[in-house]
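Chain and residue survey
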Amino acid sequence: QVQLVESGGGLVQPGGSLRLSCAASGSWFMLYSMHWYRQVPGKQRELVATITLGGNTDYVDSVKGRFTISRDYDKNTVYLQMNSLKPEDTAVYYCNADVKLSAYGPLSAYWGQGTQVTVSS
């Protein structure tokens, strides 16, 4: 019932910038917190950034001051602006949303398909 589609990944040189987008579509009662995760082969998926329904944000320490998460409520889209990129930021980035399909239903997590970000010279 909920689809998340990421875009904006690619190859960038160290020090460069990228902006990821994640558009939610479908039908729901409420879209709560939205998150960006990343994963490299052989490692656990890591929570990178969170934005709540009220607009509060949080970041993993390694990206603080470099990444900014934002949200367009009208477009049901979350963004991740990534600046001063480092090779260690290379990963597949996934969008995640906490969703209630109905007012009294459970809170469920939905995932996008992921977008590759490669930081290399």
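As a reminder, the structure under discussion sits directly above these lines.
The residue count restarts for each chain, going from 1 along the sequence in the order it is written. Since the coordinates come from a predicted model, pLDDT governs what is reported: local features require at least 70, and pairs of side-chain atoms require 80 or more to be given and counted, while whole-chain, interface and lining totals use all residues. Hydrogens and water are ignored here; the side-chain numbers use all heavy atoms of the structure.

1. Section: the packing of aromatic side chains
Paired rings are identified among Phe, Tyr and Trp, the last through its six-membered ring, by centres lying within 6.5 Å, and are further divided according to the angle between planes into stacked (under 30 degrees), edge-to-face (over 60) and tilted (the rest). Scanning the model with the defined rule gives two aromatic pairs in all. Centre to centre, the rings of Tyr37 and Trp111 are 4.8 Å apart; their planes meet at 55°, and the pair counts as tilted. A residue pair is termed long-range when its members are at least 10 positions apart, and Tyr37 in strand 4 (residues 30-39) and Trp111 in strand 10 (residues 107-111) qualify at 74 residues. Accessibility here uses a 1.4 Å probe with only protein chains present; expressed as a share of the type maximum, an area under 20% marks a residue as buried, one over 50% as exposed, and anything in between as partly exposed. You can call Tyr37 buried: its relative accessible area is 19%. Judged by centre distance (6.5 Å) and plane angle (85°), the ring pair of Tyr94 and Trp111 falls under edge-to-face. Taken together, the residues span a long stretch of sequence, with Tyr94 in strand 9 (residues 91-100) and Trp111 in strand 10 at a distance of 17 residues. The exposure class of Tyr94 is buried, given its relative accessible area of 14%. Site record: aromatic cluster; members linked through ring pairs are Tyr37, Tyr94 and Trp111. The ring of Tyr94 carries Arg45 above its face, with NZ or CZ at 3.7 Å from the centroid. One residue, Arg45, lies across the ring of Trp111, its end atom 4.7 Å from the ring centre. Strands here mean DSSP runs of E at least two residues long; helices mean DSSP runs of H or I at least four residues long; both are numbered from the N terminus. Consider the ring centre and the ring normal. A charge sits over the ring if Lys NZ or Arg CZ is within 6 Å of that centre and within 35 degrees of that normal.

Interpretation note: all reported values are geometric properties and have no functional meaning in isolation.
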